[in-house]
Amino acid sequence: MMITLLKGKLHQARVTHCELEYEGSCAIDTHLLQAAGMLPFEQIQIYNIDNGERFTTYAIEAEPGSGVVSVNGAAAHKAAVGHRVIICAYAQLDAAEASRFMPNLVYLGPGNAITRTGHEIPVQAA
């Protein structure tokens with residue numbers, strides 16, 4: 001049996017560009033992609049905190065160290081510059097791999113700078 005788990009997450013990224021006429025995808029600062037363990041052309045899910053939109057696209061590289069998160073093509077209708085988004089990639093693992101797998105969690109602050117990283121999300125209190 002294969003289990004789909006969170007592989008990597010960029011939490012509270014700020015959209016820096018929306019390029020409707022660009023050839024699809026989401027351009028992400030290469031350093032951020034690497035920190036989250038995401039690859040160019042990998043399928044990603046984007047969850048827009050500010051308007052509730054959820055959509056699928058793929059990642060492409062933006063200039064390293066730029067802080068760029070650009071939502072492009074048709075997806076540009078689902079976000080606006082300044083919106084807060086969560087960008088996730090998932091992996092399918094067998095049960096044995098899944099039992100020991102830990103995702104790359106990257107938390108972002110102003111300018112999409114990395115404020116912290118981790119591999120676990122605390123248990124939510126009641």
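The structure we're discussing is the one just above.
As the structure is a computational prediction, the values presented were derived from the model and not from experiment.

Calculation notes
Note that residues are indexed from 1 along each chain, following the sequence as it is written. In keeping with the model being predicted, local features are shown solely for residues with a pLDDT of at least 70 and side-chain atom pairs are shown and tallied solely at 80 or more, while totals for entire chains, interfaces and linings include all residues. Side-chain figures throughout are based on the complete set of non-hydrogen atoms in the structure, without hydrogens or water. In the sections that follow, a salt bridge refers to a side-chain nitrogen of Lys or Arg positioned within 4 Å of a carboxyl oxygen of Asp or Glu. For the purposes of this entry, the term helix denotes a DSSP run of H or I that reaches at least four residues, the term strand denotes a run of E that reaches at least two, and both are numbered from the N terminus. Partly exposed describes any residue whose relative accessible area lies between the buried limit of under 20% and the exposed limit of over 50%, with all areas from a 1.4 Å probe on protein chains only and scaled to the type maximum. For two strands to pair, DSSP has to find at least two bridges joining them. For helices, the axis comes from a line fit to the C-alpha atoms of the stretch in contact; other axes are also lines fit to C-alpha atoms, and the angle between any two N-to-C directions lies between 0 and 180 degrees.

Draft legend 1. Looking closely at the pattern of salt bridges. Applying the stated criterion across every chain yields a total of 3 salt bridges. Its salt-bridge partner being D50, residue R84 comes within 2.9 Å of it at the nearest N-O pair. Within this pair, whereas R84 is found in strand β7 (residues 84-94), its partner D50 is found in the loop between β4 (43-48) and β5 (54-62), the two being separated by 34 residues in sequence. With a shortest N-O distance of 3.2 Å, E53 and K78 are connected by a salt bridge. Pair noted here: E53 is in the loop between β4 and β5 and K78 is in the loop between β6 (69-72) and β7, with a separation of 25 residues, a long-range link. Residue K78 is classed as partly exposed on the basis of its relative accessible area of 29%.

Draft legend 2. Summary view of the sheet that holds strand β2 (residues 17-19). With respect to topology, 9 strands assemble into an open sheet ordered β2-β6-β3-β5-β4-β7-β1-β8-β9, the strand pairing being mixed. Edge strands, defined here as strands with exactly one partner in the open sheet, are β2 and β9 (114-118). The average angle at which neighbouring strand axes cross in this sheet is 30°, direction not considered.

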